[in-house]
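So you can see what is in the structure, the chains are spelled out below.
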Amino acid sequence: MTASIARTLPIARSARRSKFTVGRGVAWSYLVIVVLVTVFPFYWMLRSALSNNYAMIADPSSPVPVGFTWGPFLRVLGLASPQAAIAEGGSGASVPILHYLLNSVIYATISTVLIVFFSTLAAYAFSRLQWRGRELVFAFFLAALMVPGILTLLPNFVLIKDLGLLNTFAGIILPGALFSAFNIFFLRQFMLGLSTEIEEAALLDGAGKFRMLFGVTLPMTSGPIVTLTILGFIGVWNDYFWPLLVTSDSSVAPLTLGLAIFKQSSPQSQPDWAGLMAATLVAALPMLILFMIFGKRIVNSIGFSGIK
Amino acid sequence: MAWLLIAPAAIGFLVFAVYPTLRGIYLSFTDYRLLSAPVWIGFQNFIDLVNDSTFWASLLVTLYFVVIAVSLTLIASVVTAAILHRVTESTLLRGLIILPFLISGVVAATVWSWMLDTQLGIVNVVIQHLGGDGVRFLTSREWAIPSLALISVWKNMGYTSIILFAGLQAIPPSIYEAGRLDGASEPKMFFRLTLPLLRPILALVGVLNVIGAFQVFDIVSVATKGGPANASLVLQMYIYQKAFGQFNFGYASAMSLVLFVILIVITFLQMRLLRANESDTN
């Protein structure tokens, strides 16, 4: 069926459905290599995380877990006794990975919800409302998109310290929760393209501005809002530098920080690689799950965000 | 109403973007040790910087990293995007390629530290199986930066490819059909059609990659901590050490300001290049 269509439409189809050639063979080989190199470290994480650390050191090249055990996961999640951990090559010291995980969930969720919400409000004002100074204020905001943020890190640390917010969730979340030039720009572009007819109809029905924003414009903008939420969540979840500056306490530090502490505290002579890989998987898992649910959307939104 | 809606963003903009930028510039001209108030010392920090051999070495190390990481990322991404564009539209394939974008630099650096371990890492085990000598990827002066750059390429290549791929999708397939009818080979079409059409978005992606690479920190901090013997002490790492190791905030701010200016100049230059090339796309 497909073949006959391809034959009847040679020009439209031939680019994608042409028969095997050397060129296509080379192209596919390249893609296979790229995918293998990309995916292999994830497999190696899993293989190592299910290995007995001592056995793995004795057999470093085995393609499958060596001395299969759930031990590494149990010990990084604090579910193994120190003796059991040491017996499998762990350090026996407890690393509160679960606590870091919980901190990351709180930190990433609150940050993402706030920044997307506030960006939506601002984008609405910049696209659907007429007010004096609108273009000027927007130009200032846009300038922030061009200026690298490097200079703000240290002064923001000093500010958070002066406010007495070191080692608090407020301190980690606040600087990134209010203003995002990219989000505002992205949402404004979308809202400018929305038809005004529905809003005018709602206005005739006597809807107030707030009801219009939350009842009419917001639902129509749900696509880009979800996109920014996903991208924002990934960004905050993976953030390391800022939390490193303002937190040292495991009661608020996120998983990226916990993982780095775990790696640094691992003995140099014989690191607990199996445990470390289990911890990296715990850190990566929420993103991988998110990816399985929203994969297509993430792939498309990254392409989309790049073009805009 | 409008002011109410932009109030949170405006406060965030003023308090956490404008104010710290100005304060950062001010602190660059002070001696500030965090415990006492900053003391104005004019250009002293910048004079010290010029005479600080570690700073110059750090700048060179950073440039070395940027050149390797960005050039390899861009080359690999362009080739991947172009091949994807010509061969398949599989979302699954693009999804797999983008996986490293989803994990943090800390996770990436930890996995690669294990895989590149001198004795037990799988990469060295394979090299030795093939009869080669083990390479001290992260613990030798000559390999530290190239290894970190490769980790960075692994992490960023998929993301960059997908952005470029999206740019390519905007190109009408009829252009390639015309090329084929003229008897042009695929490599020729890549250089004559794909590359010129991709140039504007390539310039933008290039700017983003350069800016990101100049500020690399996570991977270095976890995989080498700037070592061995400062061989991978990138600028951001040195700034961090000065600020939080020695609490010399004035000096660290001055370095941040220098890095800031470098980034602005590079952005400006690349944007100029982008505009200069716009006529190419016709």
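Residues numbered from 1 in each chain as written. Chains lettered and ligands numbered in written order. Predicted model: local features only at pLDDT ≥ 70, side-chain atom pairs only at ≥ 80, totals over all residues. Heavy atoms only, no water.

Turning our attention to the overall build of chain A. Looking only at helices and strands, one finds 17 helices and zero strands in chain A. Counting only residues that meet the buried cut, chain A has 51% of its 308 residues in that class. Of the contacts formed within chain A by residues at least 6 apart in sequence, a portion of 67% connects residues at least 24 apart. Per element, the accessible surface of chain A, about 14200 Å² overall, is 69% carbon and sulfur. (Helix = DSSP H or I, 4+ residues; strand = E, 2+ residues; numbered from the N terminus. Buried < 20%, exposed > 50% of the residue type's maximum accessible area, 1.4 Å probe, protein only. Contact = heavy atoms within 4.5 Å. Areas by Shrake-Rupley, 256 points an atom, 1.4 Å probe, with all protein chains shown as cover.)

This next bit is on the pattern of salt bridges. What the rule picks out here adds up to six salt bridges over all chains. Linking Arg134(A) and Glu135(A) is a salt bridge whose minimum nitrogen-to-oxygen distance equals 2.9 Å. Of the charged contacts, one joins Arg33(B) and Asp31(B) as a salt bridge, the two residues approaching to 3.1 Å between their closest N and O atoms. Assessed through its relative accessible area of 29%, Asp31(B) is described here as partly exposed. Each of Lys161(A), Asp162(A) and Arg23(B) takes part in salt bridges that share partners, so that together they form one network. (Salt bridge = Lys/Arg side-chain N within 4 Å of Asp/Glu carboxyl O.)

With that settled, the discussion passes to the interface of chain A and chain B. Across the contact, 90 residues belong to chain A and 90 residues belong to chain B. When the two sides are added together, the surface that chain A and chain B hide from each other amounts to roughly 8200 Å², 80% of it contributed by carbon and sulfur. There are one salt bridge connecting chain A and chain B. Linking Arg23(B) and Asp162(A) is a salt bridge whose minimum nitrogen-to-oxygen distance equals 3.3 Å. Partitioning the side of chain A that touches chain B into residue classes produces 68 nonpolar, 13 polar and nine charged. (Buried area = accessible area lost by both parts, 1.4 Å probe. Nonpolar A, V, L, I, M, F, W, Y, C, P; charged D, E, K, R; others polar.)

So, on to the side chain of Asp272(A). Residues and elements named next belong to chain A. Examined against the element boundaries, Asp-272 turns out to sit in the loop between α16 (255-265) and α17 (273-307). Residue class for Asp-272 comes out buried when judged on its relative accessible area of 4%. For Asp-272, the side chain forms a polar contact with the main-chain nitrogen of Gly-275, separated by 2.9 Å. (Polar contact = N/O pair within 3.5 Å; in protein donor to acceptor, adjacent residues only side chain to side chain.)

What follows covers the packing of helix α3 (residues 53-87) of chain B against helix α7 (residues 141-169) of chain B. Across the interface, α3(B) lies against α7(B) with an axial gap of 6 Å and an inter-helix angle of 35 degrees. Along this stretch, α3(B) crosses α7(B), giving a crossing that reads as right-handed. (Axes fitted to C-alpha atoms, helices over the stretch in contact; angles between N-to-C directions. Left-handed = near helix turned anticlockwise from the far one by under 90°.)

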